[in-house]
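# Secondary and tertiary structure notes
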Amino acid sequence: MKELQNFKLNYPKGSDISSILDNPEEFAEQFAQNAIETEGYRILEAKKLGTEFAESLMEEKDVV
């Protein structure tokens with residue numbers, strides 16, 4: 001789990017504060033796209049582990 005928490009998200013190339021302020025929606029879209037392309041596998045693995053953990057807690061609750 002600690003390994004999955006080490007995200008290293010980078011800003012899209014060519015983004016500086018003035019270009020971000022000029023068009024924040026475009027920056028957000030590029031940032032999200034970049035994050036999914038570079039770290040998508042970690043996001044999916046973290047979701048899978050989180051789901052398994054939550055399900056195990058629910059099973060324990062049903063037993064008590």
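Whatever comes next refers back to the structure up there.
A few points on the structure. No experiment lies behind these values; they were computed from the predicted model shown. (Residues numbered from 1 in each chain as written. Predicted model: local features only at pLDDT ≥ 70, side-chain atom pairs only at ≥ 80, totals over all residues. Heavy atoms only, no water.)

Summing up its helical and strand segments, the protein chain has two helices and zero strands in all. Surface accessibility of the protein chain: about 5600 Å² in total, with carbon and sulfur atoms responsible for 59%. (Helix = DSSP H or I, 4+ residues; strand = E, 2+ residues; numbered from the N terminus. Areas by Shrake-Rupley, 256 points an atom, 1.4 Å probe, with all protein chains shown as cover.)

Bringing a negative patch on the surface into the picture now. Among the surface-exposed residues, Glu52, Glu55, Glu59 and Glu60 lie close enough to one another that they form a single negatively charged patch. One can find glutamate 55 in helix α2 (residues 24–63). Since its relative accessible area comes to 47%, glutamate 55 is described here as partly exposed. (Patch = residues over 30% accessible without salt bridge, like charges linked within 9 Å, V, L, I, M, F, W, Y side chains within 5 Å. Salt bridge = Lys/Arg side-chain N within 4 Å of Asp/Glu carboxyl O. Lys, Arg positive; Asp, Glu negative; His and termini not counted. Charge placed at Lys NZ, Arg CZ, Asp CG, Glu CD. Buried < 20%, exposed > 50% of the residue type's maximum accessible area, 1.4 Å probe, protein only.)

Applying the stated criterion to the full structure yields two salt bridges. For glutamate 39, the salt bridge goes to arginine 42, with nearest N and O atoms at 2.9 Å. Taken as a pair, glutamate 39 and arginine 42 lie in helix α2 at a separation of three residues, close to a single helical turn. On the basis of relative accessible area, glutamate 39 is assigned to the buried category, the value being 9%. A salt bridge links glutamate 45 to lysine 48, with the shortest nitrogen-to-oxygen separation between them at 3.8 Å. With a gap of three residues between them, glutamate 45 and lysine 48 both fall in helix α2, about one helical turn apart.

Given the relative accessible area of 9%, arginine 42 is considered buried. At a separation of 2.9 Å, a polar atom in the side chain of arginine 42 contacts the side chain of glutamate 39. (Polar contact = N/O pair within 3.5 Å; in protein donor to acceptor, adjacent residues only side chain to side chain.)

None of this, on its own, says anything about what the molecule does.
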